[in-house]
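# Descriptive structure summary
Listed below, chain by chain, are the residues.
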Amino acid sequence: MKKADNYFADLRQPDRIFRLDRDCILVFTGKTEVDSRPFLRIGAGSSLPAELLRHIENVVLCEQELANAALELQWMKATLGAGGESVRYVSSRERASQMYAYAGLNEIDEDKRPPVKMVPYGPFNSRVETKNKCIIMFMATGNFQVTLNSSKLLDYFSFRNQKMNIDKEYDMIAKAMHRRVRRAEKGVGFVYPGGTSVDRLSVYWFFDQNGLYVNPPENHHYDLLENGIEPGNLKMAIADSIHAPGFAEFVRRKSVLKETGGVYCNDYEHVALLKRIYNGMKWKLFDDGRPLPAADQAVFFKSKTGSHGIFSIRLNEASHDHVQVMFPIAPVKQSKSFDFTRGPFDLEFMKIDGKEDFMNAGSCRLTLYAPGRIALDVYGKQKLGETSYPIIPRAEYLFQNPEKPSGAADSVLHAIEGTPQHDYFSAIVASILAPRVKNDDGAAAAEITNALKAWEKLPAPTDLLERQNIHEAIRFLDWADRARMGFSPAQSKLIQSLLAKHRMSKFTNDDWLSIGSVKFHVVFVAGKVTLLLVQTAPTDPIRLRIPRTIEEISADPKAYASYLRQMTKILDKGDEPPGLRQCLEFAERLYEDRLLIVADRKRLQELKHHLGIHAEEPPKPVNFFERLMMKLGLMQPKAA
């Protein structure tokens, strides 16, 4: 550590620049410990250093280098909440106007507006005295330079080109994924990447290679990489607000690439504010009753309050039937009432906030749910329902909608292949689905009765996957009975006995969530029943894990380094799937970059010490919700 008496005099140009996050730079422009607000900020990151917010005077909004506007807004609100002076943004007049409107300041009466200043740059004046001053010089290329005492302190483009940034991450992931066996690219279905917060359910949908993220989390390209999904396949997004950081990240990326993006937001009337900022994207807006822009076989509907949405999907070209799936969008007044469609729906996604929510998980033909505000131990101990299950993170769910019931029976037969029940089920469905011949009615009835009686004598499977598929086979028979496909009263009684014997309430959510690498087939039968069939899926020799925050690395740098070494050794020992090592190499590159950011934060700690800026205590959880968020890893204590 430098001596205090010459610390500021000895500060060199590199000593004044700090990366707080991947896309957030802090520049120290002061000369002494008594300088007022001596910091300049460029970009915004996830970590908000509360003790520094009052000491940042200028914030630069880049003209061509688009930042995440939603994160910038969060910094603005945090700075105002820290009780310092006004937030002062420096940019072009157009960019300043865009940010001002996006923040909603235009809608506030002038005398009630928070102290936010937008300062557009003007023509260079060579007669301005530069001694003891910090000057920001914007160039026609979109670059800018920061000078201090007439000496260049920062050339932004040059600095950024040497560092990792979000666009470089996307490009590196695309190269790493080029040879990898990718998921969520064939058929229609979804993956639950596991990035859900307590207020929002994040689900990645795929319509062949056209992906749609409902409430994409921040840095969702990490979630997609971990799940073996090509981020470039993401073509559409649905969000509860234009101010959601993950949604802004999606739009920003499409704007950088000048690609088309399909968009729906619950605050639909304000989408134009974001469109002005990210006008490089070719916007395809969709709303109630409109087909998805990149998947016109699916029509989107929203509930009357906008809290829920429905995808009405035609999975079969030859069928006029549409599969209807309901999912939550926004934490607003809840409504499951729609103008153009009504339940019961084929599938529903739910967010579980309390134990009582489990009681409402049977209103649709199949319910899949994820934890919200509920305590995780309570969630895990809950018994499985007959038609309701927790969503398995990382598992691929594929949709099937057979044209005829026989198609659904084939899916069940495939799922229970190799079990003693297979032949009994095959004999039963062959009898009830075959064209009736008068002389064979008696023989067919006897064959069904014999098969059901033999099935009833078998013990219920103890293996969870086998039990689930057998359970769904019986549910198919129960539906066929209710559809009056020829069962007698005695046979109906046997089917109900089988259902009772094979109930899934023997198992808990924790049992279901620990079943390993699996793939699901969601089979929609005649618009009357939805089956959930499960099978084991190939698993990679390693599980790719990307750390979400710098704090995770700074708290224990050796832990992630050890993880990387272990994964490398596993790949070195055996045959590895193509492209997986390249994905691990990306994780290593990311780790190295984060170590550099950790080093910058340590240098900043030294500077704060000489400035007399003391870190505030990390906030203690003040309520149940914050404790749950930290337990889930969705909230980090503020870094010192």
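For the structure given in this document, a descriptive report is provided here. Bear in mind that the values here come from a model prediction, so they are computed numbers and not experimental data. (Residues numbered from 1 in each chain as written. Predicted model: local features only at pLDDT ≥ 70, side-chain atom pairs only at ≥ 80, totals over all residues. Heavy atoms only, no water.)

With the rule as written, the count across this model stands at 37 aromatic pairs. Aromatic side chains F358 and Y369 sit 5.3 Å apart centroid to centroid with 80° between the ring planes, which places their arrangement in the edge-to-face category. With F358 in the loop between β20 (347-352) and β21 (367-371) and Y369 in strand β21, this residue pair connects regions lying eleven residues apart in the sequence. There is no split in this pair, since F358 and Y369 are both buried. One residue, K506, lies across the ring of F507, its end atom 5.9 Å from the ring centre. Over the face of the ring belonging to Y563 we find R545, whose NZ or CZ atom lies 4.8 Å from the ring centre. (Phe/Tyr/Trp six-rings, centres within 6.5 Å; stacked < 30°, edge-to-face > 60°. Helix = DSSP H or I, 4+ residues; strand = E, 2+ residues; numbered from the N terminus. Buried < 20%, exposed > 50% of the residue type's maximum accessible area, 1.4 Å probe, protein only. Lys NZ or Arg CZ within 6 Å of the ring centre and 35° of its normal.)

What follows deals with the sheet that holds strand β3 (residues 39-42). Spatial strand order, β1-β2-β3-β4-β5-β6: six strands in an open sheet with mixed pairing. Single-partner strands in this sheet number two, and they are β1 (17-21) and β6 (116-120). Taking each pair of neighbouring strands and ignoring which way they run, the sheet shows an average axis angle of 25°. Bridge count between β3 and strand β4 (residues 56-60): four bridges; the pairing is parallel. Looking across to β4, one finds that R41 is bridged to V59. Helix α2 (residues 93-102) rests against β5 (87-91) and β6 of the sheet, and its axis sits at about 160° to β6. Relative to the sheet, helix α17 (residues 580-611) contacts β1, β2 (24-28) and β3, its axis offset from that of β1 by approximately 120°. (Pairing = 2+ DSSP bridges. Axes fitted to C-alpha atoms, helices over the stretch in contact; angles between N-to-C directions. Contact = heavy atoms within 4.5 Å.)

Now for the pairing of β2. Burial of β2 is extensive: five of the five residues sit out of reach of the surface. In this structure, the hairpin formed by β1 and β2 is closed by a connection of two residues. Summarising the sheet, β2 and β3 pair through four bridges and their orientation is antiparallel. When the sheet's bridge partners are listed, L26 is paired in β3 with R41.

Moving on, we come to unusual backbone geometry. Cis peptide bonds are those with omega within 30 degrees of zero, and the linkage from G343 to P344 qualifies with 5°. Tracing the backbone through its elements, the reader meets P344 in the loop between β19 (323-328) and β20. One non-glycine residue with positive phi stands out, namely D208, at about 60°. With respect to the secondary-structure elements, D208 resides in the loop between β11 (203-207) and β12 (210-214). Overall, the relative accessible area of 40% leaves D208 in the partly exposed class. We note that R484 has phi near 60°; this positive angle belongs to a residue other than glycine. Among the structural elements, R484 can be located in the loop between α12 (464-482) and α13 (489-501).

With respect to the element layout, S388 can be found in strand β22 (residues 388-390). Judged by its relative accessible area of 10%, S388 is buried. Leaving out residues up to four positions away in the same chain, S388 has contacts with A361, T367 and Y369.

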